[in-house]
Each structure stands twice: as C-alpha cells, then as structure tokens.
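Here's the letter readout for the chains.
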Amino acid sequence: MQFGTLLAREGIELVYGGGRVGLMGAVADAVLRAGGRVTGVIPEFLATKELLHDGVTDLRVTRDMHERKALMSNLSDGFVALPGGLGTFEELFEVLTWSQLGLHRKPVALLNSAGYFDPLVAMIDRAIAEGFCANEHRQLFVVDADPVSLLRLLRSHQLPNVPKWIRSTEET
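Residues numbered from 1 in each chain as written. Predicted model: local features only at pLDDT ≥ 70, side-chain atom pairs only at ≥ 80, totals over all residues. Heavy atoms only, no water.

## So, the sheet that holds strand 5 (residues 108–111)
On the basis of which strands lie adjacent, the open sheet formed by 3 strands has the order 4-5-6 and parallel pairing. Every other strand in the sheet has two partners, leaving strand 4 (79–81) and strand 6 (142–144) as the edge strands with one partner each. The mean inter-strand angle of the sheet, taken between neighbouring strand axes irrespective of direction, is 20°. The pairing of strand 5 with strand 6 spans 3 bridges and is parallel. Paired with Leu110 across the strands is Val143, a residue of strand 6. Helix 5 (residues 86–100) rests against strand 4 and strand 5 of the sheet, and its axis sits at about 150° to strand 5. (Pairing = 2+ DSSP bridges. Helix = DSSP H or I, 4+ residues; strand = E, 2+ residues; numbered from the N terminus. Axes fitted to C-alpha atoms, helices over the stretch in contact; angles between N-to-C directions. Contact = heavy atoms within 4.5 Å.)

## Some details on the environment of Ser99
Take Ser99: it is sitting in helix 5. Of the residues examined, Ser99 reaches a relative accessible area of 7% and is grouped as buried. Along the sequence, Ser99 and Leu159 sit 60 residues apart, while their C-alpha atoms lie 8.8 Å from each other. With sequence-adjacent residues up to four places away left out, Ser99 is seen in contact with His104, Leu140 and Leu159. (Buried < 20%, exposed > 50% of the residue type's maximum accessible area, 1.4 Å probe, protein only.)

## So, the sheet that holds strand 2 (residues 38–43)
The strand order 1-2-3 describes an open sheet built from 3 strands, whose pairing is parallel. Edge positions in the sheet fall to strand 1 (14–16) and strand 3 (58–62), since each of these pairs with one other strand and no more. On average, each strand axis in the sheet is tilted by 10° relative to the strand beside it, whichever way the strands run. Bridging between strand 2 and strand 3 involves 5 bridges; their strand directions are parallel. Within the sheet, the bridge partner assigned to Gly40 lies in strand 3 and is Leu59. Its contacts with the sheet put helix 2 (residues 22–33) on strand 1 and strand 2, and the angle it makes with strand 1 is roughly 155°.

## Some thoughts on the side chain of Thr62
Mapped onto the elements, Thr62 comes out in strand 3. With a relative accessible area of 1%, Thr62 lands in the buried category. Engagement of the side chain of Thr62 in a polar contact is seen with the backbone oxygen of Asp64, the distance being 3.1 Å. Those residues in contact with Thr62 that lie beyond four places of it in its chain are Val41, Ile42, Pro43, Glu44, Glu67, Arg68 and Leu71. (Polar contact = N/O pair within 3.5 Å; in protein donor to acceptor, adjacent residues only side chain to side chain.)

## Some thoughts on the pairing of strand 2
The element strand 2 is extensively covered by neighbouring structure, given that 6 of its 6 residues are classed as buried. A two-sided burial pattern is seen for strand 2, the buried positions comprising Val38, Gly40 and Ile42 on one face and Thr39, Val41 and Pro43 on the other. Across 3 bridges, the pairing between strand 1 and strand 2 is parallel. By the bridge assignment for strand 2, Val15 is matched with Thr39.

## Here we look at the packing of helix 1 (residues 2–9) against helix 7 (residues 147–156)
At a minimum axis separation of 10 Å, helix 1 and helix 7 run at an interaxial angle of 45°. On the basis of the axis angle, helix 1 is oblique to helix 7. Crossing angle aside, the handedness with which helix 1 passes helix 7 is right-handed. Every residue of helix 7 that contacts helix 1 at Gln2, Phe3, Leu6, Leu7 and Arg9 is listed here: Pro147, Val148 and Leu151. (Parallel < 35°, antiparallel > 145°, perpendicular 65-115°, else oblique. Left-handed = near helix turned anticlockwise from the far one by under 90°.)

Function cannot be inferred from these measures alone, as they are strictly geometric.
Next comes the structure, spelled out in structure tokens:
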C-alpha cells in the first residue's frame, strides 16, 4: 500500500477505524511495516466480532460509533478519504459539515485513485452551481490522485472563511 508507506516515511501517524480488514486495514499494515505509528479507534460491537486490528501501535475501544468518530476527530490533525463505501461517505461528509460549521479548522482531502471521487466532486460542484452550497464549500477539501501531491496539498491548504447561511434564529 503506497499511501501507508508514504505516511510512515513522512512521519505521519495514521488514525483510523481500527479494523484489520478492507482497504484501511491494508493501509494500517503498510504503515506498521514501514515503521510508522497507527492508532485504531473501534467501537465495542465491532471489536467483539474479531474485526479489530490487534497489531496497531495504540488501540482505543469506544462505546459506540458516535464516540468513535468524535475521538478519531480529536486525535486527527487532518482527514484523508480513500475510496470506500457508505461509511467512508458518511465520515467524509461529517468532517466537511463540521468544517462548514466552524467546529474544526482541519484540512480534508480525497485520494482520488482512478477517478473514484470524480462523481462525488461533480455532485458537490452541482450543489454549488444550483445554490445549495456556497462557493467556499468547494474549498473545504482538496483532491488529487497522487498520494505525494495530495499530502503536499493537504499541508499547504488554506481553509476558507465560510459565511454563515443563517444569521439568526428568526430566519429559520
């Protein structure tokens, strides 16, 4: 896994969902093989199904998914989404929403392997064009297919100041 090796080489600790399976399990293994640090955060109900990665540097078990996502966010300096399914989309949109609302000022990136995220980016661009999102929302994340370029973008990314859509409770 090129991305995991790159993280370790750059001294970037991986904070992820704590599983031993799937793409993120492979990334965690690559980080560990390359001598890097990995923190896994997994809820009890998944840990008891023998899905947890018991070889990570630091394993945190939480009560539920909400606690897991909050802890992962607190432990992270930034977020990178790799190709994935509904869980990936849900976590990505949550950190983007938190950024939009000003709950964090951490960079967000999409590793766009083989154009995987192209339709998602097009959907966001359409939402902006049709007035459902502000232009600044497109600047809440960066996209690149090359892991080295993506980390460079992530490190230099300047988050926009997103205007508030609702200025008072009288507008709701």
